[in-house]
Amino acid sequence: MTPLAYDALVGFIVLNVVIGMVTYVTLLERKFAARMQSRIGPYYVGPHGLLQPIADAIKLFIKEDVVPRAADRWVYNLAPIVFLLPCVLIFATLPFAPGLGVADLNIGVLFFLAVSSLEIVGLFMGGWGSNNKYALLSAMRAVNQIISYDLPFVFAAFVPVVLAGSLQMSVIVTAQQGAWLGIVPKWFVFYPVIGQLAFVAFLIATLAAENRVPFDILEAESELVAGFRVEYSGMKFALIQLGEYAHMIGTSFLAALLFLGGWLGPGSDHVLVGALWFLLKAMFIFLVVTWVRWSFVRIRADQILAISWKLLMPASIVLLLAAAFWVAARGGHGV
Amino acid sequence: MPETLEIGYGGSERLTMNMGPQHPSAHGVFRAILTLEGETVVGVDAVIGYLHRCHEKLAETLTYVQYPSIASKTDYVAAMTAELAYVSAVELVGKIEVPRRAQWLRVLAAELQRVASHCLWLGTWCMDMGGALGGGATVFLYAIREREDVLDLFEALTGARLLYGFHQPGGTRYDLPAGWTEQCRTTLDRVEQRIGEYEAMLEDNPFFLVRTQGVGVISRELAQEIGVSGPLLRGSGIDHDLRKAAPYSSYEHFQFRVPVETAGDCFARYRVRMVEFRESIRIARQVLDGLPEGPISSRPGVKSVGQVRVPKGEGYARVEGARGEVGCYLVADGGPKPYRLKWRGASFSNLSVLPHILPGVKVADVVAIMGSVDPVFGEVDR
Amino acid sequence: MASEQASFLGETGQLVRAVGRAMGVTFKNLLRRPITVRYPTVKRVYPDRFRGILALTYDPQTGEENCIGCRLCEYICPPQVIKVEMLKAEKRNFAKTFTLELYACEFCELCVQVCPTDAIIMMKSFDLATADRRELLLDKDRLHALGLQFDPSWATGNRLRDMQAPPKPAKAAAAPAAEATVPAQSPPDRRAPAAGAAAPAHNSPDRRAPEASAGAPTANTE
């Protein structure tokens, strides 16, 4: 098999795995949220609701695709695709285990962050092409918010990069090998002060970049009923949902990789065990984000921007500088 | 709704947006035509009447015995309030006595209803602010869980969960069943503990505070002029509660505090209602401790379904509901049916404050303010 | 500058504490048992006075219909959903036809309260959802069949009217109904009691035709 065909096959497999994971993560979120609200989540479709995502997918397939007559055809129809593409492309650079990944670029983190911020284009296309005031309002809010939070997102993500000395993701993971005193793993989240603060800043920026409560002003069901997605139905809506959750999972994986040591863990010499650890850590971060999502009311658009520009941005710049100084003080190369 | 787009001198565009009758946070069927400049509301045109069901005309065709269960449908969230207003008006004009036990039972029902209504208010308000898929929904489900416990009490008492038909002219229809007082005490204890949990979740939460403090300020003068009542009035610094100012149905026997806050914003109204929660539980406990024996109606047995002939006269009876002053003006002409009935809906007068406080706030604040005004459109449109 | 820094740290500290408290409440609820009742597999225990579907009853001693066709329920019904025609007979009257439009019924229980012979009562069930509205136009046969199909509510006309009358001296054998008392701080268990739970004692005659299944009205006065 030629290398190109081999890579294409690996990419195809990873894409399918990602899509499968994304559909089942919706079920995980629904059950977790339900338990926090004193109820049980999906229960009847399949044992304990395990076939619920399949049912949802089938429902979305067979729904009628309604296109508003006054919508801008090309923009409206292309928007879900433009939205989805970056959200699944970020998985191309994630190494799930040593040697198990599509492409371990030497600028992996940069590629991830750059591509993931392209989703805003698809989002705005959706809001504009729908020819709907609610969608437009939400798209404008979204542009505001995501642009404001992408910068702290990047700065906080660069703290592990600086500490590890490389943009390549597998190098960042191997830089977290070992343990202090044999007990505390050398993950970047355990680095005194810098690690924890950077982790918290990264999580907050993730919440905002994903449009998750408390920063979900763009969809705000009680005001703008589904935001920019309001005019989409059927398969296009499915693509948008897929893209959102894929982005969510992707950044959870990134957070697990940058801060929680990626695939490192007991027995991670074996490839599949490492991949399992990676998955567990990413799911842990996803659950924490879900826990935050279901505990707070949302804040207003101008307050969201205030938090970003007045609090998070200076804090993340200071953190990055602190990490850089620390690395320089230790000899200039990575830890 | 045709859209109007005017470009002003400063280049600012005005967008007319319809927060239509079908809306997840309209608290019912309410249409607000907002004129927006960017994210700021510059004008609001409120359209009501989508739930008009001709209660006042309907009352002229139903006897005084038949109407109380219909009266509960005006404020369907707090049904006991509306029934009490109606039967109080009938008793006032007809000079019908109400035995002491019935009065105390009415107080108990009214206070439990206030607890249930405030549970719904808290849940829906947080849901408006936090989204149906977010933290708001969590508070909503917790509050509904508490409300369901109170509704279980009502179900054991009357047989119905939402629209009770508990009052009748002369007293109440149902007496307490066996074991109800223990169930009531247990429920009150549990609700009180859970209210503490909600306060912990919301009170010093900066997200919540930043959404509610300074938002939707109703000044004291405005509150007095416009004619709002209930928590809106008490949140703006005016100490007026009908249960103390014009006590009805034995309220003068009970010890309770009327909370008053001076800030006038959404947070002040929130604090007023949270304190009212606890005070209602306190009153309910006092009723359970000292409930007098006796008949529950001065028209017992067969007379309860017989006709009431109210002699000619007119009168206005008002009660302090969860949303404010609910009043019933009755004109009787000696027959078994009223000649004219006029409902004073608390939410109707409370909504009239919106055109004064909405201009200048952001769109996101509109839902926070609507939630803290807490309208129920059965009362608005009748 | 120091005070600004202090207040910034103070505010951040407050934010962290508040976030922790809110998430703590959510986490505590994660560990509580859900309060969902998995209807219809599991049914909730309905209280004694539950106002459900209406039905007509038979006299348990004689097996005759209780309804004497007096039309009091028709007169008192607020939405006027009951229509009765009287059939005159030698010793007592009957109802020739009795229609009740359940789709318009308010379930206000006034008809039950007015009935002199406890003929019309409400059942502890509301399971009559149907795809055809005509099935909710209950005629006399259907009403009698419903009376045998579900558990009756405690409330009959005589009991409701007695409840409002001044209290008489304590009657004999009025065992209080078994309302489950639950421990504080945990949601009540709404699931139906286990099959072995004892049925509460009652001191009123069974108001249904002898072929009926078990489940008599229970005493419910203090």
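Please refer to the structure placed before this passage.
Rules behind the numbers
- Residues numbered from 1 in each chain as written.
- Chains lettered and ligands numbered in written order.
- Predicted model: local features only at pLDDT ≥ 70, side-chain atom pairs only at ≥ 80, totals over all residues.
- Heavy atoms only, no water.
- Pairing = 2+ DSSP bridges.
- Helix = DSSP H or I, 4+ residues; strand = E, 2+ residues; numbered from the N terminus.
- Buried < 20%, exposed > 50% of the residue type's maximum accessible area, 1.4 Å probe, protein only.
- Arc of directions from axis to C-beta.
- Contact = heavy atoms within 4.5 Å.
- Disulfide = S-S within 2.5 Å.
- Axes fitted to C-alpha atoms, helices over the stretch in contact; angles between N-to-C directions.
- Left-handed = near helix turned anticlockwise from the far one by under 90°.
- Core = buried A, V, L, I, M, F, W, Y, C linked by side-chain atoms within 4.5 Å.

Undergrad: Help me understand the sheet that holds strand β5 (residues 137-138) of chain C, please; the structure alone is not making it clear to me.
TA: Backbone hydrogen bonds are what pair the strands of a sheet, in a parallel or an antiparallel way. Residue and element names in this part refer to chain C. Taken in spatial order, the three strands make up an open sheet running β2-β3-β5, and their pairing is antiparallel. Edge positions in the sheet fall to β2 (82-87) and β5, since each has one partner strand and no second. Note that strand β3 (residues 94-101) and β5 share two bridges and pair antiparallel. Residue pairing in the sheet places leucine 100 in a bridge with leucine 138 of β5.

Undergrad: In this structure, what is going on with helix α2 (residues 52-62) of chain A? I would like to understand it.
TA: Working note: α-helix, 3.6 residues per turn, so residues spaced by three or four point in the same direction. Residues and elements named next belong to chain A. For α2, the full list of buried residues reads Gln52, Pro53 and Leu60. Projected onto a plane normal to the axis of α2, the buried residues spread over an arc of 100 degrees and lie on a single side. Along α2, exposed side chains directed more than 90 degrees from the buried face belong to Phe61 and Ile62. Turning to α2, the residues buried within the fold contact α1 (3-36) and α10 (234-259).

Undergrad: Where do I start with the state of the cysteines in this structure?
TA: In protein structure, a disulfide is the covalent linkage between the sulfur atoms of two cysteines. Counted according to the given criterion, the structure contains zero disulfides over all chains. Of all cysteine sulfurs, the one in cysteine 126 of chain B lies closest to cysteine 119 of chain B, which takes part in no disulfide; the gap is 12 Å. Given a relative accessible area of 1%, cysteine 119 of chain B falls into the buried group. Here cysteine 108 of chain C stays free of any disulfide, with the sulfur of cysteine 77 of chain C as its closest cysteine sulfur at 6.2 Å.

Undergrad: Got a minute to help me understand the packing of helix α8 (residues 194-209) of chain A against helix α11 (residues 271-293) of chain A in this structure?
TA: For any two helices packed against each other, one specifies the inter-axial angle together with the distance between the axes. Residue and element names in this part refer to chain A. Closest axis-to-axis distance for the α8/α11 pair is 11 Å, and the angle between their directions is 65 degrees. Crossing angle aside, the handedness with which α8 passes α11 is right-handed. Across the interface between the two elements, Phe199, Leu203 and Leu207 of α8 pack against Ile285, Val288, Val289 and Val292 of α11.

Undergrad: Whenever I open this one, the nonpolar core confuses me. Can you help?
TA: Generally speaking, soluble globular proteins have nonpolar side chains that are buried together. Counting 233 residues, the largest nonpolar core has Tyr86, Trp180 and Trp343 of chain B together with Phe98 and Leu100 of chain C as its most contacted members. In terms of residues, this core owes the most to one element, helix α4 (residues 100-130) of chain B, which gives 15 residues. Look past the residues within four positions of leucine 100 of chain C in its chain and what remains in contact with it is Leu54, Val81, Ile82, Ile120, Leu136, Leu137, Leu138 and Leu143 of chain C. One finds Tyr76, Met125, Ala142 and Ile146 of chain A within the second-largest nonpolar core, a separate group that totals 12 residues.

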